[in-house]
Amino acid sequence: MPVCPFNFVTDGKKHNICLVGGGGKTTVIYELAAMWAACGRRVLVLTSTHILHPADGSFAADAAAVHSLWQQERYAVIGTPEPATGKLKAPPQSLYEELRTQADVILCEADGSKHHPCKAPAAHEPVLLPESDIVLAVAGTDALGNSLQQVCQRPQLAAELLNCSLDSVIDEQMLAALLLSEQGARKNVGTRGFYIVLNKCDLISAAQQEEMLWLLVGAGIEEQRIWLRGCVEGEINKC
């Protein structure tokens, strides 16, 4: 399992974390959930939009099932099943309210991207939990070298945000702009803590990793708030 560098993973505090942006959010959620659960923390996973139904038996239909999983030092996933899609949508509000004060960590998939590595949010997106204290923005480096039309969710909105055409090829500056813009991944973040996960960094060179890191840090994101996930150990200090 990749080692997450974010300081909030080991600070011992309660957190309510919403994940937004491109593809890979569900994988990151379950990785973080497993890390915390292995440390004996009560971890609750849900969505305010849609999330893949877990295949590992971590779905809990009610509060009793959640507590049973917590007693086994496992994370619990709550939601309303959608048989037609095999996904979960938001859980009943009453169940969430019952559990949210009991959980040590809450992880919520608060955005959809239909597996595209990057996106620009529509007017109704993302669906952040009001009580969340951290927003974790995700983007895949496999967007680099491809056009907005090919790999971006809501490419027309992205083209307007970036002032370019749908055929424009995404480079490091464009991907960083989608992550940093308040019309992009930082939409509605407000005073919440803001962190970034760059997925599939093993697919790009060390120089490209350095470029992405330089652009994000240069825009004011602290280096310890950036996870270059999947980079080859030794290529860059963040590994």
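How each quantity is defined
- The numbering scheme is per chain: residues are counted from 1 as the chain's sequence reads.
- Only residues with pLDDT of at least 70 are given local features in this predicted model, and only at 80 or more are side-chain atom pairs given and counted; all residues enter the totals for whole chains, interfaces and linings.
- Side-chain measures were taken over the full set of non-hydrogen atoms in the model, leaving aside hydrogen atoms and water.
- For each residue, the accessible area found with a 1.4 Å probe, counting protein chains only, is set against the maximum for its type, and the residue is called buried under 20%, exposed over 50%, and partly exposed in between.
- What counts as a helix is a DSSP run of H or I of at least four residues, what counts as a strand is a run of E of at least two, and both are numbered from the N terminus.
- Polar contact criterion, stated in full: a pair of N or O atoms within 3.5 Å, where within protein one must be able to donate a hydrogen and the other to accept it, and residues adjacent in sequence count only if both atoms are side-chain atoms.
- Contacts are assigned to residue pairs with any non-hydrogen atoms lying within 4.5 Å of each other.

Trainee: Sorry if this is basic, but what is going on with helix H6 (residues 172–180) here?
Mentor: Structural remark: α-helix, 3.6 residues per turn; residues separated by three or four positions point the same way. Burial analysis of H6 places seven of its nine residues in the buried class, the great majority of the element. The set of residues buried in H6 consists of Glu-172, Met-174, Leu-175, Ala-176, Leu-178, Leu-179 and Leu-180. The residue sitting at the N-terminus of H6 and contributing the capping side-chain oxygen is Asp-171; that oxygen lies 3.2 Å from the backbone nitrogen of Gln-173.

Trainee: Which parts of the structure should I look at to understand unusual backbone geometry?
Mentor: Most peptide bonds take the trans configuration, and most residues that are not glycine carry a negative phi. With omega at -15 degrees, the peptide bond leading from Glu-125 into Pro-126 counts as cis. With respect to the element layout, Pro-126 can be found in the loop between strand S8 (118–119) and strand S9 (134–140). Of note in the backbone geometry, Lys-114 takes a positive phi value of approximately 50 degrees without being a glycine. Checked against the element boundaries, Lys-114 lands in the loop between strand S7 (105–109) and S8. Residue classification places Lys-114 among the exposed residues on the basis of a relative accessible area of 66%. A positive phi angle, close to 70 degrees, is found at His-115, a residue other than glycine. Relative to the assigned elements, His-115 resides in the loop between S7 and S8. According to the relative accessible area criterion, His-115 is exposed, its value standing at 69%.

Trainee: Explain the side chain of Gln-153 here, please?
Mentor: Secondary-structure assignment places Gln-153 in strand S10 (residues 152–153). In this structure Gln-153 touches Gly-112, Ser-113, Lys-114, His-116, Cys-118, Lys-119 and Ala-120, once residues within four positions along its chain are discounted.

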